[in-house]
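Secondary and tertiary structure notes
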Amino acid sequence: MGIGIIVLIVVLAVLFLVIGFIWMTYNGLVRLRNQVKNAWAQIDVQLKRRHDLIPNLMETVKGYMKHERETLEAVTSARNLAQKAIGTGVGAQAKAEGELSSALSRLLAVVENYPDLKANQNFMALQEELTSTENKISFSRQYYNDSVLTYNNKTQMVPSNIIAGMFGFKTGEFFEVTAAAEREAPKVSFG
Amino acid sequence: MWEQIRSNQTRTLVLVVAMGLLLLLVGYFLGEAIFGSGIGGLVVAILIWVVMNLFAYFQGDSMILAISRARKISPDDHPRLYNVVEEMKIASGLPKIPDIYIIDDPSPNAFAVGRDPSRASVAITSGLLERLNRDELQGVMAHEISHIKNRDVLLMTFCSVLLGTIVILAWFGSRMMLFGGARGGRRSSGGGGGYATLIIVAVAILLMILAPIAAQLIYYAISRKREYLADASGALYTRYPEGLASALEKIAGSTQELKTANQAFAPMYIINPFRSKGRAASDLTSTHPPISERVRILRSMAGGASLAAYEKAYQEVRGSGRGVIPPSALVGETPVAARKAEAVPAEPGKVERARETSDLLWKYSNYGLVNCECGTKLRVPPKLRGSSIRCPHCGRVNPLSSRP
Amino acid sequence: MDCPACKGVVVVVEYQRIELDYCTKCYGVWFDAGELSLLAERLDLRGAALDVNQIAALPEKKAAEKARGCPICRKKMKKVTLGSAPEVLVDVCTRGDGLWFDGGEVGQVLGQLKDKGAAADEQGRVIDFLGEVFHVRG
Ligand SMILES: [Zn+2]
Ligand SMILES: [Zn+2]
Ligand SMILES: [Zn+2]
């Protein structure tokens, strides 16, 4: 009888531990998955902000840059394509946004030849906004990728991978930029 | 990975517990020596500590901002500063952008306050704001936001309250014992119990002298460690250790002391606001590691920006095998490359930054602006009487109409 | 801030992006340490002769002029002379907050400016700048 009670206690304790482990791991996974979702939403906010800034930028710039029609049109069309790519998946959107980034950096490189434009108060304010939005995009991408990395580690590593498999937690997709202009910028390597 | 940086900090925990024990010891022996009840002393010590903690928790941030005469700015007041803080909010995954304050003081410094990441503020002096370029500003804000993210503000407030309580108790204790309140003094008839009393009084006196010093040293040790950690996380957030390194170098070049600094909050500043000239480099009695060492570590990260790269550089520069980063934070971390230096387009120069900052301060002080035709600008304090002002450069008489 | 000489109202004069504090009553000028270093940088003067702390280390000049308190830190300022061709008596904050030129001193600078060409030394060029800003008295 004494042995029976001991066995019962041991079984209950083990059961308690197992349930506790599943409970905590599950909650951890949900928290990380939400973090990934929020991080993605943050990228979206910043990308939209950039889309909104571009018409304003074009308006300010076009009076000064009469001979740069191609560069200007490239930015406008890259913006339109990027806007169409919203909601078509992480990979496709990353590619379209990458094209927009490189079109913009070509434009800003050309600005160097227009000292009047560079001294324009309106343009200076816009440029700070644009610089910062670019930074915010890359920082939100950085945070997103770091969150995906943590989340993926958790879904693939023993023992949390068992729980992840049981409840169908899928690994997340990294936001990688493939446009030519950004390729040289060092990024997190996911080796 | 950065979630773990604040958990599992055994060394910090040990130090905090040591400080707590010190407080209890002081309380017990002072109680025993003064009113003959160790438990009573304990109760008094804990009561003072709890009240101070509650105050620090709920009012600490508004108090320090008020003491520093910090002014909250809106995004339009200084778009670049606001943007940089928002960038670091995003990079660190903070739930909410901290309130941003500016302090009218030529001495370069910055600090963070706030009990949790969703209710935090960062403050920067005008002297620092006008000195830093965009990358450097980003480095400083990354460091401050790391303090928020790593919950150092809460930890250091907690520790300074502990320290403060110990100091207050020791001070009151010494006064009371000196001026005849002591139980040992009242007892004139020596007996068997006299011996024990004597020992207790001796221990109490010893504690009164040593406890504040010991608590102070422990407090400094915790603070220095958190500084290194904030530098490491700052480098990780910006992916650009050079920004913070170069900012620290600029700050180190100044010898001005902050006018409104408060000793209790010294660990919250990016550099110690009380540094005095000619102090020994690696001093046990400093809230901050020497700036030169912090700069050398950041510059030794060899193109990396990860916590592991900082850890390696830290060990290299200090020439010891002991690190600062909690091992749990390094698990599962992948190598992270630092961003290469690149010119930020359209960045305002030194003079422009100075004007930007002073314009903001004039605006806050309700100065009126007179633009003279000759290009000279006059900024007029609200207390100036009269309806016109003569330009000292060209002699034109300008009306004082557009005054707030 | 109040005028350290006469407690009059001080206005800020921004000339070529450099700010100077100017007393509307006695015409004295406060040159803040930060602004002085901005000017030095723009004039491409890198010598130590323009560092306020260095100026504060100059030998004290015995002068009949009344001692003045620093408008920033309120401590008593030290009297020293700047420049060589026209030697100008100024008050310098010993903590390094800045320099004070009395109204009369600025007038003296203006008077001498007319007689000579460009100043030779670094301090002279700062004094010239002062003369340029305060072209007209009153
Ligand atoms: Zn004028
Ligand atoms: Zn005056
Ligand atoms: Zn002074």
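Residues numbered from 1 in each chain as written. Chains lettered and ligands numbered in written order. Predicted model: local features only at pLDDT ≥ 70, side-chain atom pairs only at ≥ 80, totals over all residues. Heavy atoms only, no water.

1. Let's talk about the overall build of chain C
To be explicit about the condition: Each helix is a run of DSSP H or I of at least 4 residues and each strand a run of E of at least 2, with the numbering of both proceeding from the N terminus. Summary of the burial criterion: residues with accessible area below 20% of their type's maximum are buried, those above 50% are exposed, and those between are partly exposed, where the area comes from a 1.4 Å probe applied to protein chains only. Reported accessibility uses the Shrake-Rupley method at a 1.4 Å probe radius. Residues are deemed covered only where the shown protein chains occlude them.
When you go through chain C residue by residue, the secondary structure sums to four helices and six strands. The order of α-helices and β-strands along chain C, N terminus first, is β-β-β-α-α-β-β-β-α-α. Counting all 138 residues of chain C, 52% fall into the buried class. Working note: accessible area of chain C is about 5,900 Å², and carbon and sulfur atoms make up 51% of it.

2. Remarks on the interface of chain A and chain B
Basically, it comes down to this: Here, two residues are considered to be in contact whenever any of their heavy atoms come within 4.5 Å of each other. When a carboxyl oxygen of Asp or Glu lies within 4 Å of a side-chain nitrogen of Lys or Arg, that pair is called a salt bridge. Definition of a polar contact: a pair of N or O atoms within 3.5 Å, with one able to donate and the other able to accept a hydrogen when the atoms are protein atoms, and with sequence-neighbouring residues admitted only if both atoms are side-chain atoms. Amino acids are sorted into nonpolar (Ala, Val, Leu, Ile, Met, Phe, Trp, Tyr, Cys and Pro), charged (Asp, Glu, Lys and Arg) and polar (every other residue, Gly among them).
Counting residues at the interface gives 21 residues for chain A and 29 residues for chain B. Between the two partners, chain A and chain B, sit three salt bridges. Counting across the chain A and chain B interface gives nine residue pairs in polar contact (both at pLDDT 80 or more). Elements with a minimum of two residues in the side of chain A that touches chain B: α1 (2-62) and α5 (121-156) of chain A. The greatest single-element share of the side of chain A that touches chain B, amounting to 15 residues, is contributed by α5 of chain A. Grouping the constituent residues of the side of chain A that touches chain B by class yields five nonpolar, 12 polar and four charged.

3. Some remarks on the coordination of the zinc ion (ligand 1)
Residues and elements named next belong to chain B. Stated formally: Distances decide who is a donor: an N, O or S atom must be within 2.8 Å of the metal, or within 3.2 Å for Na, K and Ca. Water is not included, so sites may look incomplete. Square planar and octahedral assignments, for four and six donors respectively, both demand that opposite donors be over 155 degrees apart and that all other angles lie between 65 and 115; tetrahedral needs four donors with all angles between 85 and 135 degrees, and anything else is irregular.
Taken together, Cys372 (SG), Cys374 (SG), Cys391 (SG) and Cys394 (SG) make up the full set of protein donors to the zinc ion (ligand 1), lying 2.1 to 2.4 Å away. Each of the four donor atoms around the zinc ion (ligand 1) contributes to a set of angles spanning 98 to 117 degrees, which defines the coordination as tetrahedral. Coordination of the zinc ion (ligand 1) draws on donor residues from a single chain, spaced C-x1-C-x16-C-x2-C in sequence. Here the residue Cys372 occupies a position in the loop between β5 (368-371) and β6 (377-380), and Cys394 occupies one in the loop between β7 (388-390) and β8 (397-399), the gap between them amounting to 22 residues. For Cys372, a relative accessible area of 5% corresponds to the buried category. The exposure class of Cys394 is partly exposed, given its relative accessible area of 27%.

4. Observations regarding the pairing of strand β3 (residues 29-32) of chain C
Along any regular strand, the residues point their side chains to alternate faces of the sheet. All names here are of chain C. We count it as follows: Here the rule is simple: two strands pair whenever DSSP picks up at least two bridges between them.
With two bridges joining them, strand β2 (residues 18-23) and β3 adopt antiparallel strand pairing. Directly across from Tyr22, in β3, lies its bridge partner Val29. Counted between consecutive antiparallel strands, the loop separating β2 from β3 contains five residues, among which Tyr27 sits at a positive phi close to 65 degrees. Pairing geometry for β3 and strand β6 (residues 98-101), over four bridges, is antiparallel.

5. Quick word on the confidence of the model for chain B
All names here are of chain B. Put simply, the rule reads: Note on scores: pLDDT gives the predictor's confidence for each residue, bounded by 0 and 100.
Of all residues in chain B, 84% have pLDDT values of 70 or greater, and the mean over the chain is 81. When mean pLDDT is taken per element in chain B, helix α3 (residues 79-92) scores highest with 95 and helix α7 (residues 183-186) scores lowest with 47. Long-range and interchain partners of residues 182-191, a stretch whose pLDDT sits below 50, account for 16 contacts in this model, where long-range means more than four residues apart. Below a pLDDT of 50 lies the segment residues 276-282, which in the model reaches six contacts outside its immediate sequence neighbourhood of four places, other chains included.

6. Quick look at the pairing of β6 of chain B
As paired elements, β5 of chain B and β6 of chain B share four bridges and run antiparallel to each other. Across the sheet, the residue bridging to Leu369 of chain B is Arg379 of chain B, located in β6 of chain B. Connecting β5 of chain B to the antiparallel partner β6 of chain B that follows it, the hairpin turn spans five residues, and Gly375 of chain B within it adopts a positive phi of roughly 100 degrees. When β6 of chain B meets strand β1 (residues 10-15) of chain C, the two strands line up antiparallel, connected through three bridges. Within β1 of chain C, the residue paired with Arg379 of chain B across the bridge is Val12 of chain C.

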